[in-house]
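Coordinates in review
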Number of protein chains: 2
Amino acid sequence: MRMIFRFPENPILRPADVKPSRPDMEVACLLNPGAFVHNGRIGLLLRVAERPVQEDGFISTPVLDPEAPDGMRIVKSSTAERGQASDARLFVHEGQCYLTTLSHLRLAWSDDGVRFEVEPEPVLIGNGKLESFGIEDARVCCIDGVYNITYTAVSDAGYGVGLIRTKDWKTFDREGMIFPPPNKDCALFPEKINGHYYALHRPTHNDIGGPWIWISRSPDLLHWGAHQWIARPRPGWEAMKIGAGAEPIRTPRGWLEIYHAVDAKGEYSLGLLLLDLNDPTKVLARSTSPIMRPAEDYETAGFMQNVVFTNGHVVDGDTVTMYYGAADSVICGARLSIAQMLESLNALDSGE
Amino acid sequence: MRMIFRFPENPILRPADVKPSRPDMEVACLLNPGAFVHNGRIGLLLRVAERPVQEDGFISTPVLDPEAPDGMRIVKSSTAERGQASDARLFVHEGQCYLTTLSHLRLAWSDDGVRFEVEPEPVLIGNGKLESFGIEDARVCCIDGVYNITYTAVSDAGYGVGLIRTKDWKTFDREGMIFPPPNKDCALFPEKINGHYYALHRPTHNDIGGPWIWISRSPDLLHWGAHQWIARPRPGWEAMKIGAGAEPIRTPRGWLEIYHAVDAKGEYSLGLLLLDLNDPTKVLARSTSPIMRPAEDYETAGFMQNVVFTNGHVVDGDTVTMYYGAADSVICGARLSIAQMLESLNALDSGE
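For the structure given in this document, a descriptive report is provided here. Every value quoted in this text rests on a predicted model; they were computed, and no experiment measured them.

Time to look at the relation of the copies chain B and chain A. Of the transformation placing chain B onto chain A, the axial shift is 0.0 Å and the rotation is 180 degrees, giving an RMSD of 0.0 Å. The superposition operator between the copies reduces to a two-fold rotation axis.

If you walk through the whole model with that rule in mind, you get 34 salt bridges over all chains. Asp185 of chain B is the partner of Arg139 of chain B in a salt bridge, and the nearest nitrogen-oxygen pair spans 3.1 Å. Of this pair, Arg139 of chain B sits in strand E10 (residues 134-143) while Asp185 of chain B is found in strand E14 (residues 183-188), placing the two residues 46 residues apart along the sequence. Put simply, Arg47, Glu136 and Asp137 of chain A are held in one network by salt bridges that share partners.

Moving on, we get to the interface of chain B and chain A. With 42 residues of chain B at the interface, the matching set in chain A holds 42 residues. Carbon and sulfur atoms supply 62% of the area buried between chain B and chain A, which totals about 3300 Å² over both sides. Our enumeration of links across chain B and chain A arrives at two salt bridges. With a closest N to O distance of 3.0 Å, Arg232 of chain B and Asp156 of chain A form a salt bridge. Between the two partners, chain B and chain A, sit 13 residue pairs in polar contact (both at pLDDT 80 or more). Among the secondary structure elements, those contributing two or more residues to the side of chain B that touches chain A are strand E7 (96-99), strand E12 (158-166), strand E13 (173-179), strand E15 (197-203), strand E16 (213-218) and strand E17 (225-231) of chain B. The element contributing the most residues to the side of chain B that touches chain A is E17 of chain B, with five residues. Taken together, the residues of the side of chain B that touches chain A sort by class into 22 nonpolar, 14 polar and six charged.

Applying the stated rule across the entire model yields zero disulfides over all chains. Of all cysteine sulfurs, the one in Cys141 of chain B lies closest to Cys186 of chain B, which takes part in no disulfide; the gap is 9.4 Å.

With that settled, consider the environment of Gly266 of chain B. Residues and elements named next belong to chain B. Among the secondary structure elements, Gly266 is positioned in the loop between strand E20 (254-262) and strand E21 (268-275). Given the relative accessible area of 27%, Gly266 is considered partly exposed. Taking the C-alpha atoms as reference, Gly266 lies 19 Å from Leu30; in sequence the two are 236 residues apart.

So, how was this worked out
Residues numbered from 1 in each chain as written. Chains lettered and ligands numbered in written order. Predicted model: local features only at pLDDT ≥ 70, side-chain atom pairs only at ≥ 80, totals over all residues. Heavy atoms only, no water. Least-squares fit on C-alpha atoms with pLDDT ≥ 70 in both. Salt bridge = Lys/Arg side-chain N within 4 Å of Asp/Glu carboxyl O. Helix = DSSP H or I, 4+ residues; strand = E, 2+ residues; numbered from the N terminus. Contact = heavy atoms within 4.5 Å. Buried area = accessible area lost by both parts, 1.4 Å probe. Polar contact = N/O pair within 3.5 Å; in protein donor to acceptor, adjacent residues only side chain to side chain. Nonpolar A, V, L, I, M, F, W, Y, C, P; charged D, E, K, R; others polar. Disulfide = S-S within 2.5 Å. Buried < 20%, exposed > 50% of the residue type's maximum accessible area, 1.4 Å probe, protein only.

Shown next as structure tokens:
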């Protein structure tokens with residue numbers, strides 16, 4: 001059964017569609033947008049990854065630094081060693097691990113959900129010592145008229161989950177880091193359940209445990225506890241890492257979560273989790289095969305090949321319009337049916 | 001200036017002083033006690049690390065498993081390869097990293113603070129899927145008549161910080177995991193500061209960031225947010241890791257924290273942090289050299305050589321009676337003067 005209907009217009013946004021934030025920067029990648037509806041328009045909160053125009057034989061990357069001129073310094077290395085041989089996202093210089101790009105968040109607006117106009121300036125950039133390597137991969141969850149933006153805050157202290165809140169997309173309240181490092185992929189549930197807010201998130205580690213999906217609860221969205229894991233990698237298409245996508249979707253059968261999974265070759269696919277409506281720490285069902293794998297050219301080739309990664313969608317009746325980053329390079333869209341997704345989970349296991 | 005007065009009776013507790021929790025187990029190590037005063041007596045909450053009696057050529061370790069007979073199964077490997085060559089605490093078997101021992105918590109009581117009587121049974125053992133590899137390194141912080149026990153909860157999902165509360169040391173409320181993996185070394189502040197509870201803790205990671213000391217705040221001790229780091233490793237005696245000890249001590253000049261530090265050779269020493277009384281996210285001073293290094297035989301030789309590690313103390317006027325684990329093998333005590341510790345921080349830097 002075909003479950004994913006990619007936009008024929010894909011990719012809908014490319015780096016060339018976005019004006020760099022400074023004249024000395026180039027937009028290397030567009031990635032992983034949050035999505036929301038505001039005043040009847042569809043908004044995307046894009047991750048824009050920039051770097052200085054690169055010179056042969058060097059790696060250079062921007063780092064935010066309040067004490068530097070213009071608030072930014074450039075780390076440039078002729079002898080950089082990649083921290084992970086095949087990972088274009090990292091390098092090591094003088095013992096410090098750096099990102100190869102600096103990300104900020106940029107708004108794009110659309111009336112039809114397909115043609116987006118990108119704002120000329122960043123709406124949010126990294127702020128303070130916990131965000132000197134940038135801010136990434138925003139999820140947007142509207143609760144009681146407030147848009148809650150959960151995002152990855154990166155610095156030399158690691159990557160954790162920050163929270164920024166806005167009602168109007170013009171003024172923003174920075175609420176600090178809500179999950180300490182190493183953590184990312186934080187998706188809030190859009191309503192309280194039995195008196196608690198809930199969030200999915202993704203701690204990681206290299207020795208014991210690893211990049212599994214955890215769930216936590218909160219009285220106020222600012223402070224979190226009762227941490228426990230609900231899903232861990234399984235052999236095959238989700239052997240190495242799994243992490244939540246955008247906010248879980250309320251359905252009569254449970255909370256439906258589209259999550260990403262990484263296999264041993266580094267291929268990013270998408271799967272489904274179904275969580276109990278009244279106790280989302282309970283997994284009712286889980287995909288045994290991916291609902292979406294990289295297949296189109298714009299998904300199989302780019303800054304990171306073979307990546308589909310979603311953290312934003314808009315729901316209208318049975319239709320989920322899902323936005324996703326492809327190959328860590330461009331922004332794409334696809335439509336899915338909630339009924340079809342639920343049907344794909346019939347008779348599937350709820351194993352770990 | 002001599003600042004540390006070790007008990008002449010050291011070590012005050014050895015593995016032979018503790019009855020194993022099961023006849024088929026041996027107590028491999030005694031480690032890192034929490035300390036408190038209850039009904040006029042001094043209590044220690046010991047970490048007791050057990051394993052099956054080892055056979056030549058094999059490594060075997062217990063894992064808690066509710067589905068196994070007696071709630072425990074033995075993982076035994078004839079071909080185990082250590083995940084980290086020099087680390088006696090870990091091994092890898094069939095792709096899974098295990099601890100070489102299983103820890104529980106045991107009470108010991110004393111009238112004079114030196115001679116302790118160890119209870120014959122564990123008071124707390126690992127419970128549930130987040131504690132299948134045991135519970136370790138308890139800090140005890142009494143707030144408003146309730147003893148708050150923060151401890152390391154270990155399982156195949158990693159190690160995080162759990163919270164258990166008691167008023168009488170007979171009945172206990174398990175409050176779940178308050179800091180998700182990878183995290184340990186959580187020390188609560190003993191009172192609210194400007195309306196917030198505060199905790200020091202220690203996330204870690206192998207790529208960006210690492211084992212630094214962080215601080216967070218909470219409305220209720222159960223849910224935590226506003227995470228930020230306050231101290232990171234510095235070259236020399238604290239080059240590799242740092243982590244909080246027991247609860248910070250209120251002094252007129254600030255919150256005094258005895259912390260542990262690890263150098264490149266794996267030697268664990270102790271240093272001091274002084275934090276602002278009204279805003280403990282501000283570091284006022286920090287030791288430039290250790291206040292205590294492994295020196296006695298019982299500190300330089302054992303399960304892990306060259307370790308002094310403290311997470312428990314009792315304060316009486318100017319005197320801190322500090323309990324500590326030595327060489328990950330035995331329990332020791334020492335006395336320190338708050339005035340002397342503060343004096344040692346005069347004219348020292350407050351750098352990162």
